[in-house]
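Given next are the chains, with one letter for each unit.
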Amino acid sequence: MTLNLEAKKILLRKIPHGLFICGVRDEDKNEVNGFTASWVTQGSFTPPLVVMAVRAEGSSHEIIKSTNKFSLNVLKSDQKDLAAVFFKPQKALGGRFESVEFNLGELGLPILVDSVGGVECNVVGSVMHGDHTVFVGEVQSAYLNNDVDSLNLSSTGWNYGG
């Protein structure tokens, strides 16, 4: 069987995605880092689980693996520019958070002040296969800042996937 690469690309890009800022923190080095995540979904009601794919060669990936924690911040529909900041490659670990106000949540992870809100998760499972690792996180804390519409990938004109 031969995979039709063009059909695969078009169809996989049709999967709807929100845009989130994933935050991580290496407490030993007191470093905060993060990235724009789009491959995210809820995985369970009880316990509350989220599922997120993370690029395997990124610095945040290593922090998630070593700490078994991450936060997910839900962006407001008008925060495309902020999502772009966290998409861009950075010169040094943590540089992206210099452009945004955040607090540390109960697990010590970055929660954006100006966002819909965020959750902090403990990693309860992972699948390392391909160029991304799929992490399953159990939600430990939740912070609602603004109950407004969230940003989604299709509204930005960007593509990530395929």
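- Under an unreviewed UniProt entry, the protein has the name DIM6/NTAB family protein and belongs to Prochlorococcus marinus str. SB.
- Of the protein, the UniProt comment under Sequence similarities (unreviewed entry) reads exactly: "Belongs to the non-flavoprotein flavin reductase family."

## Focus on the layout of surface pockets
No. 1: One number sums up the size of the largest pocket: a volume of about 370 Å³.
No. 2: Around the largest pocket sit 21 residues that line it, and Phe 35, Thr 36, Arg 55, Phe 86 and Arg 96 are the ones nearest its centre.
No. 3: Mapped onto the lining of the largest pocket, the elements with two or more residues apiece are strand E2 (31–37), strand E4 (49–55), helix H2 (59–67) and helix H3 (80–87).
No. 4: Here the element with the most residues in the lining of the largest pocket is E2; it accounts for four residues.
No. 5: Taken together, the residues that form the lining of the largest pocket break down as nine nonpolar, nine polar and three charged.

## Observations concerning the side chain of Glu 120
No. 1: If you trace the backbone, Glu 120 turns up in strand E8 (residues 117–129).
No. 2: There is a polar contact of 3.1 Å between the side chain of Glu 120 and the backbone nitrogen of Leu 109.

## Focus: the pairing of E4
No. 1: The element E4 is extensively covered by neighbouring structure, given that five of its seven residues are classed as buried.
No. 2: As defined by bridge partners, strand E3 (residues 40–44) adjoins E4 across four bridges and the pair is classed as antiparallel. Of the residues in E4, the one forming a bridge with Ser 44 is Leu 49.
No. 3: Adjacent in sequence and paired antiparallel, E3 and E4 are bridged by four residues.

Scoring rules and cut-offs
- Numbering of residues starts from 1 in each chain and follows the order in which that chain's sequence is written.
- With pLDDT at 70 or above as the cut-off, local features in this predicted model cover only qualifying residues; side-chain atom pairs require 80 or more to be listed or tallied, and sums for whole chains, interfaces and linings still use all residues.
- Note: side-chain values were computed over all heavy atoms of the structure, leaving out hydrogens and water.
- UniProt positions are given in the numbering used here, feature names are shortened, and annotations may be inferred rather than shown by experiment.
- The rule is simple: put a 1 Å grid over the protein atoms alone, call a set of points where a 1.4 Å probe fits but cannot get out a cavity, call an open set with protein on both sides within 12 Å along at least five of seven lines a pocket, and count a residue as lining if it has an atom within 4 Å of a point.
- Grid points are joined across faces, edges and corners, and a volume is the space filled by probe spheres set on the points.
- Strands are runs of DSSP state E lasting at least 2 residues, helices are runs of H or I lasting at least 4, and numbering of each runs from the N terminus.
- Residues are sorted three ways: Asp, Glu, Lys and Arg are charged, Ala, Val, Leu, Ile, Met, Phe, Trp, Tyr, Cys and Pro are nonpolar, and all the rest, Gly among them, are polar.
- Counted as a polar contact is a pair of N or O atoms within 3.5 Å, where, for protein atoms, one must be capable of donating a hydrogen and the other of accepting one, and residues adjacent in sequence contribute only when both atoms are in side chains.
- Burial classes: relative accessible area under 20% of the type maximum marks a residue as buried, over 50% as exposed, and values in between as partly exposed (1.4 Å probe, protein chains only).
- We treat two strands as partners when DSSP finds at least two bridges between them.

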